[in-house]
Amino acid sequence: MASHREDHVVAGLKIAGHRKRGPGPAVVCVHGAGVSSREFLPFVEVLGERHDAWAIDLPGFGASGRPGRPLTLPAHADVVAEWVDVAKVERPCLLGASFGCQVVVEAAARHPEVAAALVLAGPTVDPRGRSPWRLVWQWLRNSRGESPSMMPLNLADYRDAGLRGLLATFGESMRDPVEDKLPHVTVPALVLRGGRDRMVPQPWAEEVARLLPYGRLVVMDGLPHMAPYRDPRGVARRVESFLSEVVV
């Protein structure tokens, strides 16, 4: 059975979700800055063979409702935590990609009861690279290794989000001292880096795993920043193996 759409109302906004309901514990995927759950759909199809797999759109992105003004990072994290409650998803693994990692770390730190585990796929932003010019340069270098089929998805997402939403979210990403929050994540966490990820340097990925009280790092050779899109089955295997150890 293919994934299907399930929407919920959180804080007065429609939050769109795509779900494929497998037999194992729930995994909720949170997308990166400026994009949407479109990039997670191939991964949800694979992961949903074994897990209750979700990918949600943050407010202002994808098919979710538009708030009056772009949300702050803490507000996005609160929406994710409230969505878990409204959707009746019991203590899922929260899986973030890129900026989504910052959102799920914030959610886990602010709401310790919300998640049973975290997966941080390509965690941003390296403190040594928090400038617009550095991020643009890293993005350009990384884009050469991403799947060509992802570019039309990105363009559609950027169009849907609008310039205001894009700039606000990238600003939140750059201003976020995620390294200060990682020690407050009290659940097991898997840090996943593509070996050819030009957005997330290896030393930073190692630092993220070290700062997490129960963190571990896996590097997947040959993959770019958006590893779940480039190799959904390989990433799903890593996630399944991790969850089989840490989630009952």
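Here, the structure is the one placed above.
Residues numbered from 1 in each chain as written. Predicted model: local features only at pLDDT ≥ 70, side-chain atom pairs only at ≥ 80, totals over all residues. Heavy atoms only, no water.

(A) Quick look at the pairing of strand β8 (residues 215–220). Note: strand β7 (residues 189–194) against β8, six bridges, orientation parallel. Note on β8: the bridge partner recorded for Leu-192 is Val-218. Handedness of the crossover joining β7 and β8 through helix α7 (residues 202–211): right-handed. (Pairing = 2+ DSSP bridges. Helix = DSSP H or I, 4+ residues; strand = E, 2+ residues; numbered from the N terminus. Right-handed = clockwise from strand over helix to strand, strands pointing away.)

(B) Local environment of the pattern of salt bridges. Enumeration over the complete set of coordinates arrives at 18 salt bridges. In this structure, Glu-172 engages Arg-175 in a salt bridge whose closest nitrogen and oxygen atoms are separated by 3.1 Å. Taken together, the residues span about one helical turn, with Glu-172 and Arg-175 both in helix α5 (residues 150–175) at a distance of three residues. Judged by relative accessible area, which is 58%, Arg-175 ranks as exposed. (Salt bridge = Lys/Arg side-chain N within 4 Å of Asp/Glu carboxyl O. Buried < 20%, exposed > 50% of the residue type's maximum accessible area, 1.4 Å probe, protein only.)

(C) Region of interest: the side chain of Thr-124. For Thr-124, the location among the structural elements is in the loop between β6 (117–121) and α4 (132–143). On the accessibility criterion, Thr-124 (6% relative accessible area) is buried. Side-chain polar atoms of Thr-124 contact the side chain of Gln-102, separated by 2.8 Å. With sequence-adjacent residues up to four places away left out, Thr-124 is seen in contact with Ser-98, Phe-99, Gln-102, Ser-173, Val-178, Val-200, Trp-204 and His-225. (Polar contact = N/O pair within 3.5 Å; in protein donor to acceptor, adjacent residues only side chain to side chain. Contact = heavy atoms within 4.5 Å.)

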